[in-house]
Amino acid sequence: MPRLVTLAAAQLGPIQKAEGRDVAVGRMVRLMERAHKRGVEVVVFPELALTTFFPRWYEEDISRADHWYEHAMPSNETAPLFEAARKYGIGFHLGYAEKTPDGHRYNTAIYVHPSGEVVLKYRKVHLPGHRDFDPIRKVQHLEKRYFEVGNLGFPVIRAPVGGQEANIGMMICNDRRWPEAWREMGLQQVEIVMLGYNTPSLNMDNRGFEAHHLRVEHSHLSIRSGCYQNACFGVATAKGGTEDGHELFGHSIIVNPQGEIMAQATSWGDELITADCDLDDCNLGRTTIFNFAAHRRTEAYQRITTQTGSEAPPVWKPGQG
Ligand code: CDV
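Keep in mind that this is a model prediction, so the values were computed, not measured.

Side note on the site of the ligand
Around the ligand, the neighbouring residues are Glu47, Phe53, Lys124, Pro128, His141, Glu143, Cys173, Asn174, Arg176, Arg177, Asn198 and Thr199. Glu47 is positioned with one of its side-chain polar atoms (N or O) 3.1 Å from a nitrogen atom of the ligand. Separating a nitrogen atom of the ligand from a backbone N or O atom of Asn198 is a distance of 3.2 Å. With the chains in place, 89% of the 320 Å² that the ligand exposes on its own is no longer accessible. When its residues are assigned to classes, the shell around the ligand shows 3 nonpolar, 4 polar and 5 charged.

This is the structure we're talking about:
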């Protein structure tokens, strides 16, 4: 018997700075309604799905950015998502800015069971960008100013996903580019990685050239290799389109454990893409080429956890052998 679940990436088009959460939540509820009609069991929404990608805006006084954060989950504004989950019997993944009661700020994602209970929480570990205003950049990327590094590791939990039990984990946007994040979850036999992202169509660092078409390629390459090398499915959901003049590239995908793209968004707007995923497809990779117990050599991987930056190698000299 296949262990089938129907998963969806619920891509969102742009959310403008002036728009309230009610606008985004209304659009998300409509996507959940469509998902229900298409037999979907879990929808994955993007990173920071409730607002514009606010880390592009600099605030000298960080407390002036407080309105971008959720202070409770659910809240009056996000309650309709939880009600839709109950009404349609759909689980959902949501990315949002979290401010804790004791004042910590995180870039967070949760997976919510159709009952409305939060099953798993993840806080983004790899925060890109910078802390202070950077005059070289074309657009600011202030995640290091607005968020602390996530303190929950990369948790994986076995939980109901539709009619199945599945090992689920999460990462957020820039995490997808780091093989360490995938392997942490692969070592916990993750079967479904849910991830949301907000990625500009252009490299805003202004420190060198990156061809436009490679921006999407690098995102897909990272997700496809992460899924293949860890024998899991990936549901990667973008925010796309132009937010207050700043373009995000969309291109949400669902990937199988062979690293194949099963579904891909073709617009930069609100769009639902779905795939029927047999979780037993994770077994081939996990028991053969990526049978970690049989083939991993941790004694050769010392640098992975003891060294952060790269170091220049020794220089070869003639006659050295
Ligand atoms: N939100 C992100 O983490 N965005 C980064 C950008 C800055 C490159 C990403 O890795 O997509």
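Now that the structure is up, let's keep going.
Re unusual backbone geometry
Peptide bonds are mostly trans, and most non-glycine residues show a negative phi. Between Met73 and the following residue, Pro74, the backbone shows a cis peptide bond with an omega angle of 0°. Tracing the backbone through its elements, the reader meets Pro74 in the loop between strand 2 (42-44) and helix 2 (79-88). Phi angles above zero are rare outside glycine, and Ala231 is one such case at about 50°. Relative to the elements of secondary structure, Ala231 occurs in the loop between helix 5 (212-230) and strand 9 (233-238).

Examining the packing of aromatic side chains
For the structure on display, the rule yields 10 aromatic pairs. Relative to Trp68, the ring of Phe54 lies with its centre 5.6 Å away and its plane at 0°, an arrangement referred to as stacked. In this pair, Phe54 is assigned in the loop between strand 2 and helix 2 and Trp68 in the loop between strand 2 and helix 2, connecting sequence segments 14 residues apart. Trp68 matches Phe54 in its accessibility class, with the two residues each being buried. Through successive ring pairs, a cluster of aromatic residues spans Phe54, Trp68, Tyr69, Tyr146 and Phe147. When the ring centre of Trp57 is taken as reference, the NZ or CZ atom of Lys17 above it lies at 3.9 Å. Of note, Arg176 hangs over the ring of Tyr197, and the distance from its end group to the ring centre comes to 4.3 Å.

Observations concerning the UniProt feature "domain: CN hydrolase" (unreviewed entry) in the protein
Per the UniProt record, the feature "domain: CN hydrolase" (unreviewed entry) sits at residues 5-279. Taken as a whole, residues 5-279 contains 21% helix and 30% strand, while its terminal C-alpha atoms sit 8 Å from one another.

Observations regarding the packing of helix 1 (residues 21-37) against helix 2
Helix packing geometry: the angle between the two helix axes and the distance between the axes. Across the interface, helix 1 lies against helix 2 with an axial gap of 9 Å and an inter-helix angle of 10°. The orientation of helix 1 with respect to helix 2, classified from their angle, is roughly parallel. Of the residues in helix 2, those in contact with Val25, Met28, Val29, Met32, Glu33 and His36 of helix 1 are Pro80, Leu81, Ala84, Ala85 and Tyr88. Taken together, the residues of the contact of helix 1 with helix 2 break down into 9 nonpolar, 1 polar and 1 charged.

Calculation rules
- Residues numbered from 1 in each chain as written.
- Predicted model: local features only at pLDDT ≥ 70, side-chain atom pairs only at ≥ 80, totals over all residues.
- Heavy atoms only, no water.
- Near = heavy atom within 4 Å.
- Polar contact = N/O pair within 3.5 Å; in protein donor to acceptor, adjacent residues only side chain to side chain.
- Areas by Shrake-Rupley, 256 points an atom, 1.4 Å probe, with all protein chains shown as cover.
- Nonpolar A, V, L, I, M, F, W, Y, C, P; charged D, E, K, R; others polar.
- Helix = DSSP H or I, 4+ residues; strand = E, 2+ residues; numbered from the N terminus.
- Phe/Tyr/Trp six-rings, centres within 6.5 Å; stacked < 30°, edge-to-face > 60°.
- Buried < 20%, exposed > 50% of the residue type's maximum accessible area, 1.4 Å probe, protein only.
- Lys NZ or Arg CZ within 6 Å of the ring centre and 35° of its normal.
- UniProt positions renumbered as here; feature names shortened; annotations may be inferred.
- Axes fitted to C-alpha atoms, helices over the stretch in contact; angles between N-to-C directions.
- Parallel < 35°, antiparallel > 145°, perpendicular 65-115°, else oblique.
- Contact = heavy atoms within 4.5 Å.

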